[in-house]
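Structural overview for review
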Number of protein chains: 2
Amino acid sequence: MRILVTAGPTREAIDPVRFLSNRSSGRMGYAIAQALRDCGHEVVLVSGPVQLAAPEGVELHSVESAREMLAASLDVWSDCDALFAVAAVADFRPKQCSAEKLKRGQGQGTVLELVPNPDIVATLAQQKRRRLVVGFALESHHGRAEALRKMKDKFLDFVALNGPQAQGATRSKLLLLSADGSEQVIGPACKGQVARELVQGVLEPNAPTA
Amino acid sequence: MRILVTAGPTREAIDPVRFLSNRSSGRMGYAIAQALRDCGHEVVLVSGPVQLAAPEGVELHSVESAREMLAASLDVWSDCDALFAVAAVADFRPKQCSAEKLKRGQGQGTVLELVPNPDIVATLAQQKRRRLVVGFALESHHGRAEALRKMKDKFLDFVALNGPQAQGATRSKLLLLSADGSEQVIGPACKGQVARELVQGVLEPNAPTA
């Protein structure tokens, strides 16, 4: 299969130097890209700014903002058979990006107006037809209920749920929820191992666990 | 001498996963720390989150937010003889850091209330007595006038002025302005070379240029 993986954070520019972002390191997305490649799949990796080298043989598209990530993903999605949406996409971006660096005021505060970013996994899943879509949910509270709501609202086949402590870490633990109602705990283990079990749980759900 | 160097960006938390930051890689600050060490000085490096190893023999204090950077810097400043304030400190931070991850709303925007961060170089320079303080200015417009204003308002001995294109880059070009009115263009060159010339220009202003 040809599989699209999104990974890493997005950066949403406030001005030429400042941005909004998040703690995603891209490690889980890159580990999933590698696990998919190791299973013989063709992988297209659309990645936000991270400090990682793309696994050899993977087609890398580097982007910065959520809108760039959506555009790059839409470009390749029509040729892909499945999507693993692992990127930690910023839900909001500054309403305006100032061309000049904003100046420190005279002691007063200020407000940053934020507007919603496009929902990348939901947008791609709207065009899924019979293709497989796996989403990720990072939730600090009420995780399971939120993950199930996301799966239903966004037409996902699987949602992998983890907590904020996963971001930037080398180890991870996931709860893999399937649209058919089944659940699988994966890890805690290094992200490479978690990625391999996740790929197996999604692509060969009836195979015996490694 | 024992010299305090601040380096890198700061990160200002919005919630457990999101933050405000900037494009500083920390390279110039780390290059200055290394150049000072190579000249035989004792270096204390207070650094925001970067992807760099501290030069060997340098005392590293890792911090994340501007307030942490100020606290760590104040802790060591009384024992230091000079300050190179190279860090790209966030001028503003979110008024509140949410303990829970903020949820994507139903399509509406939102505002992020920002409050000013402490001005680290100004705070340290207020306690400078006869010590040397070098500041950095990153300006997209009216750079020289802004840099001169900063030098005067904050009681700095030197200001190194550069533009937004310096952030994250490996090469740099600076205009070094001195409180005595002299000026020196440094670079364009790799940041290591720029750092060496800057250190020489500040600590041995009358020596012949390398």
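These numbers were taken from a predicted model, which means no experiment stands behind them.

Residue and element names in this part refer to chain A. Within helix 4 (residues 143-153), burial applies to G143, E146, A147, K150 and M151. For helix 4, the angular spread of buried residues about the axis comes to 135°, placing them on one side. Pointing more than 90 degrees away from the buried face of helix 4 are the exposed residues A145 and K152. The inward-facing, buried residues of helix 4 contact strand 9 (132-138), strand 10 (158-162) and strand 11 (171-178). One or two positions beyond helix 4, positive phi appears at F155, with a value near 60°.

One pass over the full model with this rule turns up zero aromatic pairs over all chains. Sitting over the ring of W77 of chain A, R131 of chain A keeps its end group 3.8 Å from the ring centre.

Attention now moves to the interface of chain B and chain A. Every contact between the two is made by 41 residues of chain B and, on the other side, 41 residues of chain A. Contact between chain B and chain A buries roughly 3700 Å² in total, counting both sides, with carbon and sulfur atoms accounting for 50%. On inspection of chain B and its partner chain A, the count reaches four salt bridges. Note that R18 of chain A is salt-bridged to D91 of chain B, the shortest N-O span being 2.8 Å. Between chain B and chain A we count 13 residue pairs in polar contact (both at pLDDT 80 or more) in total. Counting only elements with at least two residues in the side of chain B that touches chain A, the list comes to strand 3 (18-22) and strand 8 (110-116) of chain B. Here the side of chain B that touches chain A gets seven residues from one element, more than from any other, and that element is strand 8 of chain B.

Bringing the relation of the copies chain B and chain A into the picture now. It takes a turn of 180° to lay chain B on chain A, together with a shift of 0.0 Å along the axis; the resulting RMSD is 0.0 Å. The superposition of one copy onto the other is thereby described by a two-fold rotation axis. Most of the interface of chain B is mirrored in chain A, where 100% of its interface residues again form contacts.

Residues and elements named next belong to chain A. With their axes 8 Å apart at the nearest point, helix 1 (residues 27-38) and helix 5 (residues 191-203) run at an angle of 55° to one another. When the axes of helix 1 and helix 5 are compared, the pair comes out oblique. Helix 5 is crossed by helix 1, and the crossing has right-handed handedness. On the side of helix 1, the interface is formed by R27, M28, A31, I32, A35 and L36, while helix 5 contributes K191, G192, V194, A195, R196, L198, V199 and L203. Looking at the contact of helix 1 with helix 5 residue by residue, the class counts come to 10 nonpolar, one polar and three charged.

Cut-off values and rules
Along each chain, residue indices are assigned from 1 in the same order as the chain's sequence is written. Written order determines the labels here, with chains lettered from A and ligands numbered from 1. The predicted nature of this model means local features are confined to residues of pLDDT at least 70 and side-chain atom pairs, given and counted, to a pLDDT of 80 or more, with totals for whole chains, interfaces and linings taken over all residues. Neither water nor hydrogens contribute to the side-chain values; these are computed over all heavy atoms in the structure. Think of it in three bands: residues with accessible area under 20% of the maximum for their type are buried, residues over 50% are exposed, and the middle band is partly exposed, with areas taken using a 1.4 Å probe on protein chains only. Each helix corresponds to a stretch of at least 4 residues labelled H or I by DSSP, and each strand to a stretch of at least 2 residues labelled E; elements are numbered beginning at the N terminus. The directions considered for the arc are those from the helix axis to the C-beta atoms. Whether two residues are in contact is decided by their heavy atoms: any pair within 4.5 Å suffices. Pairs were defined over the aromatic rings of Phe, Tyr and Trp, the Trp ring being its six-membered one, requiring ring centres within 6.5 Å. Orientation was assigned from the angle between planes: stacked under 30 degrees, edge-to-face over 60, tilted for the rest. Should the NZ of a Lys or the CZ of an Arg lie within 6 Å of a ring centre and within 35 degrees of the ring normal, that charge is described as sitting over the ring. Accessible area that two parts lose when put together, evaluated with a 1.4 Å probe and summed over both, is termed the buried area. In the sections that follow, a salt bridge refers to a side-chain nitrogen of Lys or Arg positioned within 4 Å of a carboxyl oxygen of Asp or Glu. N or O atoms closer than or at 3.5 Å make up a polar contact, with two conditions inside protein: a donor-capable atom paired with an acceptor-capable one, and, for residues adjacent in sequence, both atoms drawn from side chains. Copies are brought into register by a least-squares superposition over C-alpha atoms of residues with pLDDT of at least 70 in both. Working convention: axes come from line fits to C-alpha atoms, limited for helices to the stretch in contact. Angles between N-to-C directions cover 0 to 180 degrees. Roughly parallel refers to an angle under 35 degrees, roughly antiparallel to one over 145, roughly perpendicular to one between 65 and 115, and oblique to any angle outside these ranges. Left-handed describes a crossing whose near helix is turned anticlockwise from the far helix through less than a right angle; right-handed describes the clockwise counterpart. Charged residues are taken to be Asp, Glu, Lys and Arg, nonpolar residues to be Ala, Val, Leu, Ile, Met, Phe, Trp, Tyr, Cys and Pro, and polar residues to be all remaining types, Gly included.

Geometry only, nothing functional implied.
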